[in-house]
Amino acid sequence: MTGPGSPGGSPPGEPKKAIPWEEMGIPIVAVLYALATVIDQSVRGMEFKTLLYSLVLAGALLLAVLGCLIQTVRKRVAKEENPEKLREMAQGRKRILIFMAWAAIFAVAFEFLGYVISIPIMMYILFLWLGMKSKLLALAFSLGMPLAVFFVFDRWAQMDLPLGPLSRILN
Amino acid sequence: MEFSLSLIVAQMLAHWWVTLAGVVAGILIGATPGLTSSNCTAIMLPFILALRPVTGVIFVISLHAGSQVGNSFPAILLNIPGTPSAAVTTIEGHALARLGQASRALGVCVFGSVFGGIFGGLASIMLIPWLAPVALRFSPVELTVIILFGIVVIGPISRGSLIKGLVSGLFGLLVSTSGPDPMWGRFRGTFGLVELYDGVPLVPALVGLMAFSELISLVFKGQTDRPTALQSITMKEILKGGLDVIKRPIESFRSSIIGLIVGIIPGAGGSVASALAYQQAAVFATKKEAPKFGKGSVNGLLAADASNNAMIGGALITLFLLAIPGSSTDAVLLVALTYHGLVMGPEFFHMNGDLAWAALSSQFAAAFFCGLCGVLLAYVMGRMVNVKLIILIPFISVLTFIGGFASMGLTFGIYVMLVCGLLGYYMKKHGYVPLAFLMGLVLGGQLEANFFRGYRMGHRSFSIFFESPIALTVWGLMLITLLSPLLRSLFAKRAPAPTPAPFPDAGTPDDQADEPLAGASGR
């Protein structure tokens, strides 16, 4: 049986097939978390009865991960060789990296500068990065959003959102 | 609190404005590709938590109902499903649009959804009083087995991969052990972080898994523009679609029953309901109707949409009686109710009867407003479906940040949201099941508490988990689910028939963007 996702190699002329090792990323993270949890509890001197449940879950997870590993190793998927598609994928990954960097900066700015200052700045940057042609519209949306957040979440829903340096003025 | 028609009517009148707001929001959300009721409910969670429990529940149910109506609009007009459960609608809906009958198709979807919603509401109200005494017989033993079953079965039902579903669910259960253990109160899995003393915060995790992961997916796609819809919509033709629904009572009832049953199954969701109902509509099609399937069949379209809304009633049954969410949106509802200190399960109707009946009766009001608002909004949908991602992404990003921050009041929540967002994205990309992870996270504490209570009831013997008839039945179902891949391969070897198309996934939108990537399992 040939074709993507099936065991065995590919006949000549067909795209090269490889084991999709990237599918093991999540199980590896899960196993590492399980190990970290068990080690953390052991180091803290947890009683066995408290540790037992985590150990049972970790054991079951390890078995499932083993099953996943066997399934992955038996699988063969066609390697993408189209340069256009490879470029698209690389660009997509780069976009994710930039977006996550933006998110990390936003998280820090949200805490220290407050939502009133950080939201317009970070939204405007994001609009421009995404390619919004109308800078005026981007600015309007960016300035309008903290207003909307103020009325809906701060005033109406009574949420305690960080104000940063403006806390003395707005509180 | 006993069932009472006057109570239902009173509840509907008292909360009509919440229902209207939820339905309108749901239709607009459902009509916007990239947004689903689950990720939008997750984004709006801080807002929902600020409401009274009954108001919040009715809002979520109405939003869910509205999104099942709205998701058909871009499916018909643009061949893009607004949510995964509208994937089947694109087949017949867009075919009708190409024949110049887009308005009629919209009418069929709106009125079919109304029928399904009323049916689901009636069924849930009639079945729950009958099922509640049965559910009261559930001791910690049965609850342990049922929760385990709910987590285990989601993988194969929603994405078809048993092992990946198990990994996802077990991972969620393990993460849920963070914080104080329910029996002895000892802190574990905190890694020295004070912020984890109450466990991993559910709201930021939910917002990250459901909403932020979708943003990452959209950013990966990089497609910030969309094609425009070119059909003009007329009110007369929309109402004609409503007449089509009235002329097809058998198809409407059959699809609604299928939707209700699928809704009861944890993790199945709208995608499975609509696909199964569509398949059955094709099987039972008359000689006159059968050739139209795939080319613009009103029966097929009706089947998909009626089942979607009937599913909501079925999912509420499972949620209220067993505390197991039937879909991603119900998982959000479960988190919201847990936040307010309300415990789902057999005692829910006795302890919180007013909230329960208000929630169930809201389905009728939601169906009414779905019809009213659906018809009106369908008329103007040509503009709505053109909202570009370039505008949506920044707004949704900000809302997810507020969602991540609001529940804890700490930036730690935002970091949890970001981590869960990345986790959710990679899980969906490689065929894992974020919903199973979420269920493990939400239900892990209950599972552990019930497990140890059952263990003590059995005088520290595990055999008690294999003694009760209910528990044995659920173990049997679990075994069948776990062995189903093996059974399927055995039957396939004996009788090599063409394999039917797998159901689309339940829950959050699928990995349409990951087509170029090798190894990404599609929905």
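Residue numbers run consecutively from 1 along every chain, following the written order of its sequence. For naming, the first written chain is A and the first written ligand is 1, with later ones following in the order written. The model is predicted, so local features are restricted to residues of pLDDT at least 70 and side-chain atom pairs to those at 80 or more, both for listing and for counting; the totals for chains, interfaces and linings are taken over all residues.

J.: What should I look at first to understand the overall build of chain A in this one?
T.: Labels follow the DSSP assignment, with helices taken as runs of H or I lasting at least four residues and strands as runs of E lasting at least two, numbered in each case from the N terminus. Looking only at helices and strands, chain A features six helices and two strands. Ordered by position from N to C terminus, the α and β elements of chain A give β-α-α-β-α-α-α-α. Long-range pairs, those at least 24 residues apart, make up 63% of the contacts in chain A with a sequence separation of at least 6. A residue pair is marked as a contact if its C-beta atoms, positioned from the backbone, fall within 7 Å.

J.: Honestly, unusual backbone geometry in this entry has me stumped. Any pointers?
T.: All names here are of chain B. The phi dihedral of phenylalanine 191 falls on the positive side, at around 55 degrees, and the residue is not glycine. Tracing the backbone shows phenylalanine 191 in the loop between β2 (187-188) and α11 (202-221). With phi around 60 degrees, arginine 460 is a residue other than glycine that occupies positive phi space. Along the chain, the position of arginine 460 falls in the loop between α22 (434-457) and α23 (469-494). Exposure criterion: with C-beta atoms placed from backbone coordinates, a residue whose C-beta has 20 or more other C-beta atoms within 10 Å is buried, one with 12 or fewer is exposed, and one in between is partly exposed. Judged by the 8 C-beta atoms lying within 10 Å of it, arginine 460 is exposed.

J.: Quick question: what am I supposed to make of the domain arrangement of chain A here?
T.: One widely used convention gives an interface's size as the accessible area the parts lose upon coming together. Parsing chain A into structural domains produces domain 1 (17-78) and domain 2 (83-162). The domain limits used here are those given by an automatic or database domain assignment. On a C-alpha basis, the centres of domain 1 of chain A and domain 2 of chain A stand 35 Å from each other.

J.: Which parts of the structure should I look at to understand the interface of chain A and chain B?
T.: Each side of the interface is counted separately: chain A has 57 residues, and chain B has 49 residues. Where the side of chain A that touches chain B is concerned, the elements lending two or more residues are α1 (25-43), α2 (48-74), β2 (77-78), α3 (83-113), α4 (115-130) and α5 (135-156) of chain A. The element contributing the most residues to the side of chain A that touches chain B is α3 of chain A, with 13 residues. Per-class residue counts for the side of chain A that touches chain B are 36 nonpolar, 11 polar and 10 charged. We call Asp, Glu, Lys and Arg charged. Ala, Val, Leu, Ile, Met, Phe, Trp, Tyr, Cys and Pro are nonpolar, and the rest, Gly among them, are polar.

J.: Help me out: how do you make sense of the nonpolar core in this one?
T.: Side chains of nonpolar character tend, in soluble globular proteins, to be buried together. Counting residues in hydrophobic clusters, the biggest one holds 209 residues, and the most contacted among them are Leu61 of chain A together with Val167, Leu206, Val207 and Cys370 of chain B. Residue contacts for cysteine 370 of chain B: discarding those within four places in its chain leaves Val23, Ala65, Gly66, Val69, Val110, Ser113, Val114 and Gly117 of chain B. The term nonpolar core refers to a group of buried residues, namely Ala, Val, Leu, Ile, Met, Phe, Trp, Tyr and Cys, whose C-beta atoms join them within 7 Å.

J.: Is there a simple way to think about the confidence of the model for chain B in this case?
T.: Parts of the model with low pLDDT should not have their predicted coordinates read in detail. Residues and elements named next belong to chain B. The quantity called pLDDT is the predictor's confidence in a given residue, expressed from 0 to 100. When the pLDDT values of chain B are averaged, the result is 79; 84% of them are 70 or greater. The lowest-confidence element of chain B is helix α19 (residues 381-384), averaging 58 in pLDDT; the highest-confidence one is helix α21 (residues 411-429), averaging 93. Per-residue pLDDT stays below 50 along residues 495-523; that stretch engages in 78 contacts with residues further than four places along the chain or on separate chains. The complex model carries a pTM of 0.73, and its ipTM stands at 0.88.

J.: Explain the packing of α3 of chain A against α11 of chain B here, please?
T.: Two quantities define a packed helix pair, namely the angle between the helix axes and the distance between the axes. Across the interface, α3 of chain A lies against α11 of chain B with an axial gap of 7 Å and an inter-helix angle of 135 degrees. Taken together, the axes of α3 of chain A and α11 of chain B lie oblique to each other. The crossing of α3 of chain A and α11 of chain B is right-handed. The segment α3 of chain A lies against α11 of chain B, with Gly92, Arg95, Ile96 and Phe99 of chain A engaging Ile216, Val219 and Phe220 of chain B. Taken together, the residues that form the contact of α3 of chain A with α11 of chain B break down as five nonpolar, one polar and one charged. Lines fitted to C-alpha atoms define the axes here, with helix axes fitted over just the stretch in contact, and angles between the N-to-C directions of these axes take values from 0 to 180 degrees. Each angle receives one of four descriptions, namely roughly parallel if under 35 degrees, roughly antiparallel if over 145, roughly perpendicular if within 65 to 115, and oblique otherwise. Crossing handedness follows the turn of the near helix against the far one: under a right angle anticlockwise gives a left-handed crossing, and clockwise gives a right-handed one.

J.: Please explain the environment of glutamate 237 of chain B as it appears in this structure.
T.: Residues and elements named next belong to chain B. The residue glutamate 237 is located in helix α12 (residues 235-246) in this model. In this structure, the C-alpha to C-alpha distance between glutamate 237 and glycine 314, residues 77 residues apart in sequence, is 31 Å. When near neighbours in sequence (up to four residues on either side) are disregarded, glutamate 237 contacts Ser103, Arg104 and Gly107.

J.: Looking at this model, I keep getting lost on the environment of tyrosine 425 of chain B. Mind explaining?
T.: Residues and elements named next belong to chain B. If you trace the backbone, tyrosine 425 turns up in helix α21. Using a count of 24 C-beta atoms within 10 Å as the deciding quantity, one classes tyrosine 425 as buried. Setting aside chain neighbours within four positions, we find tyrosine 425 in contact with Ser213, Ile216 and Ser217.

J.: Where do I start with helix α20 (residues 389-406) of chain B in this structure?
T.: One turn of the α-helix equals 3.6 residues, which is why residues spaced by three or four share an orientation. To estimate how far a helix should extend, the number of its residues minus one is multiplied by 1.5 Å. Between the first and last C-alpha of α20 of chain B there are 25 Å, a value that for 18 residues agrees with the 26 Å anticipated at 1.5 Å per step. Among the 18 residues in α20 of chain B, 14 count as buried, and that is most of the element.

J.: Honestly, the packing of helix α2 (residues 16-30) of chain B against helix α5 (residues 53-70) of chain B in this entry has me stumped. Any pointers?
T.: All names here are of chain B. Interhelical geometry of α2 versus α5 gives an angle of 35 degrees and a closest axis separation of 6 Å. The way α2 lies across α5 gives a crossing that is right-handed. Residues Val18, Thr19, Ala21, Gly22, Val23, Val24, Ala25, Gly26, Ile27, Leu28, Ile29 and Gly30 of α2 pack against Thr55, Ile58, Phe59, Ser62, Leu63, His64, Ala65, Gly66, Ser67, Gln68, Val69 and Gly70 of α5. Across the contact of α2 with α5, the residue classes break down as 13 nonpolar, 11 polar and no charged.

J.: Would you mind going over the environment of alanine 211 of chain B with me for this structure?
T.: Residue and element names in this part refer to chain B. Structurally, alanine 211 can be placed in helix α11. By the C-beta count within 10 Å, which is 31 here, alanine 211 ends up buried. C-alpha of alanine 211 to C-alpha of alanine 31: the two residues are 180 residues apart in sequence and 16 Å apart in space. Apart from the residues within four sequence positions on either side, alanine 211 is in contact with Asn39, Ala42, Ile43, Ile396 and Thr400.

J.: Before we go on, may I ask you to explain the confidence of the model for chain A in this structure?
T.: Residues and elements named next belong to chain A. The predicted model of chain A averages 84 in pLDDT, with 89% of residues at 70 or higher. Per-element confidence in chain A is highest for α4, whose mean pLDDT is 94, and lowest for helix α6 (residues 167-170), whose mean pLDDT is 74. pLDDT under 50 marks residues 1-8. Its contacts with residues more than four places away, or in other chains, come to 13 contacts.

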